[in-house]
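# Structural characterization, general
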Amino acid sequence: MALHLSSNDQKQLLNWAADAGQNECCGVLRGRDRKVIAVQWAANVAADPSRNFEIDPSAIIAVHKDVREGGMPLLGYFHSHPNGLARPSESDIAQAAPDGLIWLIIAGGAVTAWQPIALGAHVTAFTPVPLIVEG
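Everything quoted here is computed from the prediction, not taken from an experiment.

### A short note on the layout of surface pockets
- Approximately 170 Å³ is the volume found for the largest pocket.
- What lines the largest pocket is Q22, E24, S50, R51, N52, H81, P82, N83, S89, S91 and D92.
- Classifying every residue of the lining of the largest pocket gives one nonpolar, seven polar and three charged.

See below:
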């Protein structure tokens, strides 16, 4: 099943990735029914942001609190790959939660969509998700 993303949100993601330079940018996707309604940048608090990303836990907590209060659901996450590889890395697989949420990866001037494949409590791979950019 495809994921829908507005062209404005796609441009914003590409801009954040460009602004981050050799560091990975990251954040969350809000929406429902496989449609991204909002992209929210968050600080990358990884020990080495040029090689990994870790979304600031306070941003994740704020999103979950907002959802509990009736806000837009958490649809997934995004991050960039400054190395230009538009696919999940081994590090992404090792760190992913088996929650079924969408991941967008920004690399090489493109945005790609992925969904984790879990075996029990561990993600073993990602599968590509068709991305439809609208408007």
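### Focus: the environment of R51
- Mapped onto the elements, R51 comes out in the loop between β3 (35-42) and α2 (57-68).
- When the C-alpha atoms of R51 and R32 are compared, they prove to be 30 Å apart, with 19 residues separating the residues in sequence.

### Focus on the nonpolar core
- Formed by 17 residues in total, the largest nonpolar core has its most connected members in L3, L13, L29, F78 and L104.
- Listed by contribution, the elements that provide at least two residues to this core are β1 (3-6), α1 (7-20), β3, β4 (74-80), β5 (102-107) and β6 (110-119).
- Setting aside its immediate chain neighbours within four residues, F78 contacts L13, W16, C25, C26, G27, V28, L29, V39, Q40, W41, L104 and I106.
- Membership of the second largest hydrophobic core comes to 16 residues, among which are I55, V63, Y77 and F126.

### Let's talk about the environment of W114
- Mapped onto the elements of the fold, W114 is located in strand β6.
- The spatial distance from the C-alpha of W114 to the C-alpha of P88 is 7.9 Å, given a sequence separation of 26 residues.
- Those residues within four positions of W114 in sequence are excluded, and the remaining contacts are A86, R87, P88, L101, I102, W103, I105, F126, T127, P128 and V129.
- Polar side-chain contacts of W114 include one of 2.8 Å to the side chain of T112.

### Some points on the side chain of R30
- Within the secondary structure, R30 is located in strand β2 (residues 26-32).
- Among the residues examined, R30 registers a relative accessible area of 6% and is labelled buried.
- Only 2.9 Å separates the side chain of R30 from the side chain of Q40, close enough to count as a polar contact.
- A distance of 2.4 Å separates polar atoms of two side chains, one belonging to R30 and the other to D66.

About the criteria used
Residues numbered from 1 in each chain as written. Predicted model: local features only at pLDDT ≥ 70, side-chain atom pairs only at ≥ 80, totals over all residues. Heavy atoms only, no water. 1 Å grid on protein atoms, 1.4 Å probe; cavity = no way out; pocket = protein on both sides within 12 Å on 5 of 7 lines; lining within 4 Å. Points joined across faces, edges and corners; volume = space filled by probe spheres on them. Nonpolar A, V, L, I, M, F, W, Y, C, P; charged D, E, K, R; others polar. Helix = DSSP H or I, 4+ residues; strand = E, 2+ residues; numbered from the N terminus. Core = buried A, V, L, I, M, F, W, Y, C linked by side-chain atoms within 4.5 Å. Buried < 20%, exposed > 50% of the residue type's maximum accessible area, 1.4 Å probe, protein only. Contact = heavy atoms within 4.5 Å. Polar contact = N/O pair within 3.5 Å; in protein donor to acceptor, adjacent residues only side chain to side chain.

None of this, on its own, says anything about what the molecule does.
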